[in-house]
Amino acid sequence: QEGGTLTITRRGKPVLAVMTWEHYEALLETLEILGDANLMTDLRQGIAEAKSGQGIDWESDKQDLDL
């Protein structure tokens with residue numbers, strides 16, 4: 001068992017995966033994001049901005065949101 005998934009094998013080869021509901025929902029959400037071109041564009045842009053240091057500091061941005 002790894003990451004909430006149990007592998008069922010037949011003759012030593014994986015044939016079935018049993019997973020927690022939380023793991024299943026996380027996989028569905030990931031697939032939904034990966035299948036949405038706009039979300040993937042935004043995600044790639046956010047990752048690129050974070051890597052280059054162009055991101056917005058949460059503490060200073062939080063003040064602008066009145067949280």
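Preceding this section is the structure that the text describes.
Residues numbered from 1 in each chain as written. Predicted model: local features only at pLDDT ≥ 70, side-chain atom pairs only at ≥ 80, totals over all residues. Heavy atoms only, no water.

*Asks:* Before we move on, can you summarise the overall build of the chain with the specific residues and values?
*Replies:* In terms of regular secondary structure, the chain is built from 3 helices and 2 strands. For the chain, the succession of helices and strands along the chain, N to C, is β-β-α-α-α. Radius of gyration (C-alpha) of the chain: 19 Å, far over the 11 Å computed for a compact globule of 67 residues. By principal-axis analysis of the C-alpha atoms, the chain measures approximately 60 × 25 × 20 Å. Per-residue burial for the chain yields a buried fraction of 3% across its 67 residues. For the chain, the separation between the mean place of its 6 positive charges and that of its 13 negative charges on side chains is 22 Å. (Helix = DSSP H or I, 4+ residues; strand = E, 2+ residues; numbered from the N terminus. Rg over C-alpha atoms; globule rule 2.2 N^0.38 Å. Buried < 20%, exposed > 50% of the residue type's maximum accessible area, 1.4 Å probe, protein only. Lys, Arg positive; Asp, Glu negative; His and termini not counted. Charge placed at Lys NZ, Arg CZ, Asp CG, Glu CD.)

*Asks:* An account of a nonpolar patch on the surface is requested, with residue identities and associated values reported.
*Replies:* Where nonpolar side chains cluster on the molecular surface, the patch consists of Met19, Trp21, Tyr24, Leu27, Leu28, Leu31 and Leu34 and spans about 700 Å² of accessible area. Counting residues per element, the nonpolar patch draws most heavily on helix α1 (residues 21–34), which supplies 6 residues. Structurally, the position occupied by Leu28 is in helix α1. (Patch = residues over 30% accessible without salt bridge, like charges linked within 9 Å, V, L, I, M, F, W, Y side chains within 5 Å. Areas by Shrake-Rupley, 256 points an atom, 1.4 Å probe, with all protein chains shown as cover. Salt bridge = Lys/Arg side-chain N within 4 Å of Asp/Glu carboxyl O.)

*Asks:* Explain unusual backbone geometry to me, and be specific about the residues and the numbers.
*Replies:* Positive phi, normally seen in glycine, also occurs at Arg11, with a value near 55°. Along the chain, Arg11 falls in the loop between β1 (5–10) and β2 (13–19).

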